[in-house]
Amino acid sequence: MKPTRTLAHRSPGRWLVLLGILVSALTLSGIAASPAMAEDGSTAQASEEFEYFFTGNVQFDREPLEGVKITVEGGGFEADAETDVDGKWRIGVPEKGEYKVTLDEDTLPKGVVVAKGEATVTAEFGLTKLKAVNFFLGEGERTTTNFGAQLLERVINGLNFGLLLALAAIGLSLIFGTTGLSNFAHAEMVTFGALMVLTLGVDLAWPIWLAIAAAIVLSAGLGWTLDAVIWKPLRKRGVALIPLMIVSIGLSLAIRYTYQFFYGGATRQLPGATAPKELSFGGVQLSWIDVGSMVVSVVVLLGVAFFLLRTRIGKATRAVSDNASLASASGIDVDRVIRIVWVLGAALAGLSGILWAYFRPGVSWDMGFQILLLIFAAVTLGGLGTAFGALVGSLIVGLFIEISTLWLPSDLKYVGALVVLILVLLFRPQGILGRRERIG
Amino acid sequence: MSSEVTPTSKPVKTTGLHIGEAEPGCRKVDPILIADGVTRTFGGLKAVDVDHVEIPRGAITALIGPNGAGKTTFFNLLTGFDKPDTGKWEFDGRSLAHVPAYRVARMGLIRTFQLTKALGLLSVLDNMKLGAKDQSGENLFRAMFPFLWRKQEEEIESKAVELLTRFKLDAKQTDYAASLSGGQRKLLEMARALMSDPTLVMLDEPMAGVNPALTQSLLDHILDLKSQGMTVLFVEHDMHMVRHIADWVVVMAEGRIVAEGDPYTVMENPAVIDAYLGAHHDSDLGVTDTEHVEAIKELIDDEQ
Amino acid sequence: MIDWIQIFSNAAQELISPTTAAYALAALGLAIHFGYTGLLNFGQAGFMALGAYGYAISVLSFGLPVWAAILVGIGASVVFALILGIPTLRLRADYLAIVTIAAAEILRLIFTTNTFEAITGSAQGLNGYKGSFAALNPIPKGTYGFGPFQYNEYDWWLRILGWTVVVLLALLTWLIMRSPWGRVIKGIREDEDAVRALGKNVYSYKMQSLILGGVYGTLAGMIFILPRAVVPANYQTSLTFFVYAILLLGGAATILGPIVGSMIFWVLLSFFSGFISRAVEAGWLPFMTQVQAGQLRFILVGVAIMLIVIFRPQGIFGNKKELAFVK
């Protein structure tokens, strides 16, 4: 669901940095991921002491500053800590690599600022497992980024995130519309795209554009295979929707841990994922990757819209979504439409996964599962089974999550989106674009 | 299908139900159900638009009309399974507007469904017992203490067995309802509805999908309801059946009530012919033209 | 060489472990929801978290006695069930699924966030709430048992209490499912409109079912934390899925199913991972590391869920006759 966070405590001596969630527990401990599954049912350990640490000392005029917030970010991992009475801080990270260390200027006393442009530094480990990061503080008035610019930045990030969510959500929604299946294994289709790029583009060192194209084709192939091997036979058996949904849960679990089996628990980066943010739009810093990601999403979404609205097979898809038996009676090959929807849905999910790998940034075995609930929320918000509803729902979820971080702590940002989901269901259960009849 | 089947005994028709002309919305001597200005639209399409209708007490009323006339929707509105956009309607003098479906049922207005809703993985006997009203064991806290409800349960069971025997389902009482044939499920659903001693029984296409061998017994059971003092309102396509057992016929088309009357005269009403054949039929055709009525019948049979 | 005795002994211990009891109870709650009423509750992990945190926070932050802490947990889960049920129980079944899964995640994120660290201990969780429970232990100090089942007084107290709760609630469930209440509940599972047409307040019954099964989950959450610490990472969606796996294994609409399902699940899992891990150690599976051996069982659980649903949807204890009619 969310990037792993750890917490460092203010009291000295309790520098145990703890793990929250799946990723690192599995990576490092080698025991079961969910501590609920800890062997012999005895004490479950979710906590894990990290091997690598960043540390530092925040002082101004030789006086230690307490309560200054430091954030470490990188490889899909994010953690923060506050300085203690002595101005010291320490943050553990799961693996050796490049991280961005940020000092939150808002937590500095009045009249103290970080030297310009150095509030965020990029740090890497040398030969030791400990790396010191220090900030140069000076007197001066901080020019606070005004609220408008912050908001704009959040909005752009939100749009970016929303668009990539939409790619996955539309596939999920089309599959739901044509087959009635709430496909929990959609998350693994998202992860698949990113993993394939990692394999082809990094491990096999193909050119990145080729790796991405191949990954999307392979994703489409995965969709074809899943439908041919699992879903079509189950439809033929007449398995009802709820058992089908539970099958997809089992499938999701099996595929997810198969990924982990082969790829391990670490987060790895795609080429260019940590590109510098060198473009500036109205005070908002963006990288070429950000811009490219949004352009790709928009172009692909327009393509999907064209497909659904203008092409014969797209119209047939919508007809099957509306009423499968009627569509079948009017000569539409429902099985073929469903097969195409699976292929399309999987290709879109794969692309979404690739973009998600750049947005987080990082590729990991459970990256799709982290956003599965958000994809479901987007689909439900827009109205179950309507492709355009899924797009609107995704943008709302993306924007809401990013904008809410202006007020909510970032480890609660998904909570806001999920609360909104429940509220929308309370007042408009058919979703924003859904038709009332669908819910009965 | 069931066209050749007639009830074993010639049914006794109830007459003199209405006041004044037998026209759409006419008043009844003793109405049990009165609907006023009930409308329901689906996406701009008016599915039901009933100005006024009264259902006579103690009689068998048939609600007929071509497909898409809004009969089932009207049924759903009357029984609280759907909410109308406007209108008020009352049952036995009590308003039913905004009353949820389960309360409507508790007032004594029990319905069945076009597609039978036998509870498949419950035994036939359990299906029946579920129909009984005011069971103290249906309260979660009392359910934990069997001695509080065992006596009532025994009474319900003997009543259920009695009804099952009447409907010739007693041999199947321990079977899952899912194992019954379509016709047996219809019978079960009707028998289950009777467990609560309703005053008005609303049957949505009781004959649809029933094996001809069972049609006769179903017809007899419906007539039986009347002789036990219940009021029956049913939706049906089969005109022969309507003519044989209905005392009063209400015709719907395009959401409106277009005609009312006893089953023999209503078939000759031009509005009814309009409804079934479309408004532009040749007006030269006499309404008494028997061929025309035959055409209607054929049309109706085709629909099934 | 592989230490078979150790593997078997570890597996046998799972039979009566408090974790097995907790999962059995949580699955029994899901049986009420899913098996009997047809409610797709995917938030059982949330109910368990409420039990765990409700108990631990009551004891640690408010110093409440054991009975009051239990009541707090139950109260919290009743409120949670109401919040979940009010918007969704009138809607189609899959909406409840999405809302429950989302609500359980909301709870977990709230328990994990740094914002409420003082109360929840954030990602580190909570510890040190077992004193008052241990103080109620009537068993004198010492180690008791036979064969592989050798435990100290606290572990026995835990096992006895946990399984007593499971047995009592199983009896209660058996009782109410044979009552007219249970009949209505099962009727709703089959077709709620039909039940509504017979004059039953379907909404109210679904709510009662949601609350009752949720309270089972909450009690399961309390049993679950007594042999370990409260850690938010335990209450992920996959916890709910494991409980579903147990439920489906045993039979969704049965009383014994969830209990025996839990025993089979844990014994097999312990045996399997014990065997694989030692086989890797012994070099029998050269292509696999210890870490991968740990992941293999998750794959296995996933595959098992699929196979059960497809090939034996009624579970081990489900009525064979039902199979012909399972939708």
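An unreviewed UniProt entry annotates chain C as Amino acid/amide ABC transporter membrane protein 2, HAAT family of Agromyces cerinus subsp. cerinus. Under Subcellular location (unreviewed entry), UniProt gives the following word-for-word description of chain C: "Cell membrane".

Looking at an unreviewed UniProt entry, one finds chain B named Amino acid/amide ABC transporter ATP-binding protein 1, HAAT family, with Agromyces cerinus subsp. cerinus as its source organism.

**Student:** Can you explain the sheet that holds strand E1 (residues 52-57) of chain A? Please cite residues and give values.
**Tutor:** The pairing of strands in a sheet comes from backbone hydrogen bonds and takes either a parallel or an antiparallel form. All names here are of chain A. Reading across from one edge, E6-E1-E10 is the order of the 3 strands in this open sheet, with mixed pairing throughout. Unpaired on one side and paired on the other, strand E6 (88-93) and strand E10 (130-132) mark the two borders of the sheet. Each adjacent strand pair in this sheet contributes to an overall mean axis angle of 20 degrees, direction not counted. Sheet topology note: the E1/E6 ladder contains 6 bridges and is antiparallel. Paired with phenylalanine 54 across the two strands is isoleucine 91, which belongs to E6.

**Student:** Go over the pattern of salt bridges, please, and point to the residues and values.
**Tutor:** When their charged atoms lie close together, side chains carrying opposite charge are able to pair. Applying the stated criterion across every chain yields a total of 29 salt bridges over all chains. Between B:Asp30 and B:Arg57 there is a salt bridge whose closest N-O contact spans 3.0 Å. Of this pair, B:Asp30 sits in the loop between strand E2 (27-28) and strand E3 (31-42) while B:Arg57 is found in the loop between strand E4 (45-56) and strand E5 (60-64), placing the two residues 27 residues apart along the sequence. Exposure remark for B:Arg57: the relative accessible area of 33% places this residue in the partly exposed category. Close ionic contact of C:Glu153 with C:Lys141 constitutes a salt bridge, the shortest N to O distance being 3.6 Å. Taken together, the residues C:Glu153 in helix H8 (residues 153-177) and C:Lys141 in the loop between helix H7 (131-135) and strand E1 (143-146) connect sequence positions 12 residues apart. Judged by its relative accessible area of 15%, C:Glu153 is buried. A relative accessible area of 73% means that C:Lys141 is categorised as exposed.

**Student:** Let's hear about the packing of aromatic side chains: which residues, and what values?
**Tutor:** Taken as a whole, this structure holds 34 aromatic pairs over all chains when the rule is applied. On the numbers, 5.5 Å between centres and 85 degrees between planes, the contact of C:Phe265 with C:Trp266 is edge-to-face. An identical accessibility class is assigned to C:Phe265 and C:Trp266; each is buried. What links up through ring pairs into an aromatic cluster is the set A:Tyr257, A:Trp365, C:Tyr23, C:Tyr53, C:Phe111, C:Phe224, C:Tyr235, C:Phe242, C:Phe265, C:Trp266 and C:Phe298. Above the ring of A:Phe369, the side-chain terminus of A:Arg256 is found at 3.6 Å from the ring centroid. One residue, C:Arg178, lies across the ring of C:Trp174, its end atom 4.7 Å from the ring centre.

**Student:** So what about the UniProt feature "transmembrane region" (unreviewed entry) in chain C? Which residues, and what values?
**Tutor:** In the numbering adopted here, UniProt assigns the feature "transmembrane region" (unreviewed entry) to residues 21-42, 62-86, 93-111, 156-177, 210-231, 237-256 and 292-311 of chain C. Counted over residues 237-256 of chain C, helix gives 75% and strand 0%. Its end C-alpha atoms are 24 Å apart.

**Student:** Account for the pairing of strand E9 (residues 200-204) of chain B, naming residues and giving values.
**Tutor:** Residue and element names in this part refer to chain B. Counting buried residues in E9 gives 5 out of 5 residues, a clear majority hidden from the surface. What you see with E9 is no split at all: Leu200, Met202 and Asp204 on one side and Val201 and Leu203 on the other are buried throughout. Pairing of strand E8 (residues 109-111) with E9 involves 3 bridges; the strand directions are parallel. Within E9, the residue paired with isoleucine 110 across the bridge is valine 201. In terms of strand pairing, E9 meets strand E10 (residues 231-235) through 5 bridges, oriented parallel. Residue pairing for E10: leucine 200 is matched across the bridge by threonine 231. Since E9 and E10 lie parallel, the crossover through helix H7 (residues 212-227) that links them has a hand, and here it is right-handed.

**Student:** Could you give me a rundown of a positive patch on the surface, with the residues and numbers involved?
**Tutor:** Together, A:Arg310, A:Arg312, A:Lys315, A:Arg318 and A:Arg336 make up a positively charged patch on the protein surface. In this structure A:Arg312 comes out as exposed when scored by relative accessible area, which is 79%.

**Student:** Mind laying out the interface of chain B and chain C, listing which residues take part and the relevant values?
**Tutor:** Listed as interface residues are 33 residues of chain B and, on the opposing side, 29 residues of chain C. Contact between chain B and chain C buries roughly 2,900 Å² in total, counting both sides, with carbon and sulfur atoms accounting for 67%. Run the count over chain B and chain C and you get 3 salt bridges. A salt bridge links C:Asp191 to B:Lys117; its shortest N-O distance comes to 3.2 Å. Counting residues per element, the side of chain B that touches chain C draws most heavily on helix H2 (residues 101-106) of chain B, which supplies 4 residues. Of the residues assigned to the side of chain B that touches chain C, the class counts are 18 nonpolar, 7 polar and 8 charged.

The rules behind the values
Residues numbered from 1 in each chain as written. Chains lettered and ligands numbered in written order. Predicted model: local features only at pLDDT ≥ 70, side-chain atom pairs only at ≥ 80, totals over all residues. Heavy atoms only, no water. UniProt positions renumbered as here; feature names shortened; annotations may be inferred. Pairing = 2+ DSSP bridges. Helix = DSSP H or I, 4+ residues; strand = E, 2+ residues; numbered from the N terminus. Axes fitted to C-alpha atoms, helices over the stretch in contact; angles between N-to-C directions. Salt bridge = Lys/Arg side-chain N within 4 Å of Asp/Glu carboxyl O. Buried < 20%, exposed > 50% of the residue type's maximum accessible area, 1.4 Å probe, protein only. Phe/Tyr/Trp six-rings, centres within 6.5 Å; stacked < 30°, edge-to-face > 60°. Lys NZ or Arg CZ within 6 Å of the ring centre and 35° of its normal. Right-handed = clockwise from strand over helix to strand, strands pointing away. Patch = residues over 30% accessible without salt bridge, like charges linked within 9 Å, V, L, I, M, F, W, Y side chains within 5 Å. Areas by Shrake-Rupley, 256 points an atom, 1.4 Å probe, with all protein chains shown as cover. Lys, Arg positive; Asp, Glu negative; His and termini not counted. Charge placed at Lys NZ, Arg CZ, Asp CG, Glu CD. Contact = heavy atoms within 4.5 Å. Buried area = accessible area lost by both parts, 1.4 Å probe. Nonpolar A, V, L, I, M, F, W, Y, C, P; charged D, E, K, R; others polar.

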